[in-house]
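As a plain string of letters, each chain reads:
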Amino acid sequence: MKGFWRKLGRRFAPEEEEKIDWEALMLEADLGLVLTERLTELLRDEGLLRKPKEAEERIRQELRKILAMEAPKVANLERPEVILLVGVNGGGKTTTAAKLAFLYGKEGKRVVLAAADTFRAAAVEQLETWARRIGSGFVAGSSGADPASVAFRAHLQAEEEKAQLLIVDTAGRLATKHNLMLEAAKIRRTLAKRDPQAPHHVWLVVDGTVGTNALSQAGEFHRAVGLSGLVVTKLDGSAKGGMIAAVMEELNIPTLFVGTGEKIEDLQRFDAEWYIEEFFGG
Ligand SMILES: Nc1nc2c(ncn2[C@@H]2O[C@H](COP(=O)(O)OP(=O)(O)OP(=O)(O)O)[C@@H](O)[C@H]2O)c(=O)[nH]1
Ligand SMILES: [Mg+2]
C-alpha cells in the first residue's frame, strides 16, 4: 500500500503547505465522502486547515479512533465455527479461504474448507489443490450442485472430523449481483439449520485496488447478508487503502485481514498502527 502522500505523488513545498486542500486530498485517498466531510469540518473547526503538521496529526488521531475495534475471537467453540466468505468475482475469496486455512492451521486448529462455488469446476480444483497442500479437510459439490447443500454437507463433515473451523468459499461470478446476494443469503440460512449460530462470521473479501467501490460493495452485501468483517486483498499493489477507514466509519465493519500477495502466507491480521503508517507513509 502506498502512502497517502506518495500515492498522490505529492510533496508540498513549505510555501504551498498552507494552501493544502485537505478535502480534495482525502477524497483522492479514498476516505469516502462521509469521513472526508467529517474530518474536513473537524480541521476547520479546530483551525487546522492551514497547519499541515497539526492537521496530519489530528487525522491520525481520528483514524486511530475509527479503527479501534476489537477483532472477534475465532475457533473457540465446541462446535465447528463457520466463516462464510462472500464477494464479487476476482476479489480473492478462494485464495483467502486457503490463506485463512493455512493461518489457523498453523495455530493448531483443525480446518475444513468447503468449495461452495459450484458454478466453475476450476474454482473447486483451485481450492482442492490448496487444501491438499495445507493438509486441511475439503468438501466439494459436483458441478452445478446447490452451493447451500455443499455448505450443509461440509458442516456435517466438519462436525464428524471434529474440526474447529469451517471456511466456506462462495461463487463470485453469477449472472447478476442480485443473484450473488440471494445465493449468499441462502447459504447463510441453510447453515443456520445445522447450527443456529452459524455462520459465526460473514466476511466480505474485497479487492483493495478498487478504492471507494469497495464501500458500495460492502454496503450492498451488508444489507443482503449482514457482514461481520472485511478482508481487503491486493494491498501489495498500488492499492487504495483509504476505503478501510471509510467502511469502518460508514458501516461500522472492521477490516480483519489484509492480503499482501498471491502466496499462501501473504495474509496478515489487520493492524491499525501499521495501516496509519502506511496510509501516511512516504
Ligand atoms: N497480489 C495479490 N493477488 C491476490 C491477492 N489475493 C488474491 N490474489 C489474486 O487474485 C486473483 C483472484 O483470486 P481468487 O482467489 O481466485 O478470487 P475469487 O474471489 O475467488 O474469484 P471468483 O472465484 O472468480 O469469484 C488470483 O490471481 C489471486 O492469486 C493478494 O492479496 N495480492
Ligand atoms: Mg473463487
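Residues numbered from 1 in each chain as written. Chains lettered and ligands numbered in written order. Predicted model: local features only at pLDDT ≥ 70, side-chain atom pairs only at ≥ 80, totals over all residues. Heavy atoms only, no water.

**Observations regarding empty space enclosed by the protein**
Applying the stated criterion across every chain, the model contains one cavity of 30 Å³ or more. Taken as a whole, the largest cavity spans an internal volume of roughly 40 Å³. Forming the walls of the largest cavity are Val 86, Gly 87, Thr 170, Ala 171, Leu 180, Glu 183, Ala 184 and Phe 221. By residue class, the composition of the lining of the largest cavity is five nonpolar, two polar and one charged. (1 Å grid on protein atoms, 1.4 Å probe; cavity = no way out; pocket = protein on both sides within 12 Å on 5 of 7 lines; lining within 4 Å. Points joined across faces, edges and corners; volume = space filled by probe spheres on them. Nonpolar A, V, L, I, M, F, W, Y, C, P; charged D, E, K, R; others polar.)

**Side note on the site of ligand 1**
Around ligand 1, the surrounding shell holds 20 residues, and the nearest of these are Lys 93, Thr 95, Arg 173, Asp 236 and Glu 262. Backbone polar atom of Gly 172 to an oxygen atom of ligand 1: 3.4 Å apart, as the coordinates give it. The protein chains hide 83% of the 660 Å² of surface that ligand 1 would expose on its own. Assessed atom by atom at 2 Å from the grid points, ligand 1 resides in the largest pocket. Tallying contributions element by element places helix α5 (residues 93–106) first for the shell around ligand 1, with four residues. Here the shell around ligand 1 is built from residues that sort into no nonpolar, 12 polar and eight charged. (Near = heavy atom within 4 Å. Polar contact = N/O pair within 3.5 Å; in protein donor to acceptor, adjacent residues only side chain to side chain. Areas by Shrake-Rupley, 256 points an atom, 1.4 Å probe, with all protein chains shown as cover. Sits in = over half its atoms within 2 Å of the grid points. Helix = DSSP H or I, 4+ residues; strand = E, 2+ residues; numbered from the N terminus.)

**Here's the deal with a nonpolar patch on the surface**
Together, Leu 27, Leu 33 and Val 34 make up an exposed nonpolar region whose accessible area comes to about 250 Å². In this structure, Leu 33 sits in helix α3 (residues 32–45). Note on Leu 33: relative accessible area 53%, which makes it exposed. (Patch = residues over 30% accessible without salt bridge, like charges linked within 9 Å, V, L, I, M, F, W, Y side chains within 5 Å. Salt bridge = Lys/Arg side-chain N within 4 Å of Asp/Glu carboxyl O. Buried < 20%, exposed > 50% of the residue type's maximum accessible area, 1.4 Å probe, protein only.)

**Here we look at the domain arrangement of the protein**
Accessible area lost during the coming together of the parts is what is often quoted as the interface size. Domain parsing of the protein yields domain 1 (4–67) and domain 2 (81–270). Here the C-alpha centre of domain 2 lies 34 Å away from the C-alpha centre of domain 1. At the boundary of domain 1 with domain 2, total buried surface from both sides reaches about 990 Å², with 64% on carbon and sulfur atoms. Counting the surface domain 1 buries against domain 2, the share from its top three residues, Asp 30, Ile 66 and Leu 67, is 51%. The interface formed by domain 1 and domain 2 includes one salt bridge. In this structure, the salt-bridge partner of Glu 249 is Arg 38, at a minimum N-O distance of 2.7 Å. In this assembly, domain 1 and domain 2 are joined by two residue pairs in polar contact (both at pLDDT 80 or more). Going through the elements one at a time, α3 and α4 (52–67) are the ones with two or more residues in the side of domain 1 that touches domain 2. The biggest single contributor to the side of domain 1 that touches domain 2 is α3, with five residues. Considering only residue class, the side of domain 1 that touches domain 2 consists of eight nonpolar, one polar and three charged. (Domains from an automatic or database assignment. Buried area = accessible area lost by both parts, 1.4 Å probe.)

**Quick word on unusual backbone geometry**
Looking along the chain, the bond that leaves Ala 198 and enters Pro 199 is cis, with omega of -5 degrees. Assignment of secondary structure puts Pro 199 in the loop between α8 (177–194) and β5 (201–207). One non-glycine residue, Asp 30, lies in positive phi territory at about 65 degrees. Along the chain, Asp 30 turns up in the loop between α2 (22–28) and α3. Take Asp 30: its relative accessible area is 5%, and that puts it in the buried class. Unlike most non-glycine residues, Asn 252 shows phi in positive territory, near 60 degrees. Residue placement: Asn 252 occurs in the loop between α10 (243–251) and β7 (255–259).

**Quick look at the packing of aromatic side chains**
Counted by the stated rule, this structure contains four aromatic pairs. Measuring from ring centre to ring centre gives 5.5 Å for Phe 270 and Tyr 275, while their planes differ by 55 degrees; the resulting arrangement is tilted. For the pair shown, Phe 270 and Tyr 275 are each scored as buried. Through successive ring pairs, a cluster of aromatic residues spans Tyr 104, Trp 203 and Phe 257. (Phe/Tyr/Trp six-rings, centres within 6.5 Å; stacked < 30°, edge-to-face > 60°.)

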